[in-house]
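Now for the letters of each chain:
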Amino acid sequence: MHPDPRAHLFTHTLTMRTAERYDLLLHPPMAGNYTLKIEWKNWITGQKRAHWELPLIAS
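One structure accompanies this document, and this report is about it. Quick caveat: nothing in here was measured; it's all calculated off a predicted structure.

**Thoughts on the environment of T18**
Logical step 1: Along the chain, T18 falls in the segment before β1 (32–41).
Logical step 2: Taking C-alpha positions, T18 is 9.3 Å from W43, a pair spaced 25 residues apart along the chain.

See the structure below:
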């Protein structure tokens, strides 16, 4: 947790490398159904290798 509660990361893309792990805390703007989309890309060519979509329900 960042010591400053006003410090937020607003992004549509998060780049991760091999063996890196992150915990994400998602705060949707309102209740509803959302889809978290994850893509795996080749680190050299940038071509998409695989993708995964996870439905999220915010209440």
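That shown, we press on.
**Things to note about the pairing of strand β2 (residues 48–58)**
Logical step 1: Pairing geometry for β1 and β2, over ten bridges, is antiparallel. Paired with E39 across the strands is H51, a residue of β2.
Logical step 2: Between the antiparallel neighbours β1 and β2 lie six residues, among them G46 with a positive phi of about 80°.

Calculation rules
- Residues numbered from 1 in each chain as written.
- Predicted model: local features only at pLDDT ≥ 70, side-chain atom pairs only at ≥ 80, totals over all residues.
- Heavy atoms only, no water.
- Helix = DSSP H or I, 4+ residues; strand = E, 2+ residues; numbered from the N terminus.
- Pairing = 2+ DSSP bridges.

Nothing here speaks to function; it is geometry throughout.
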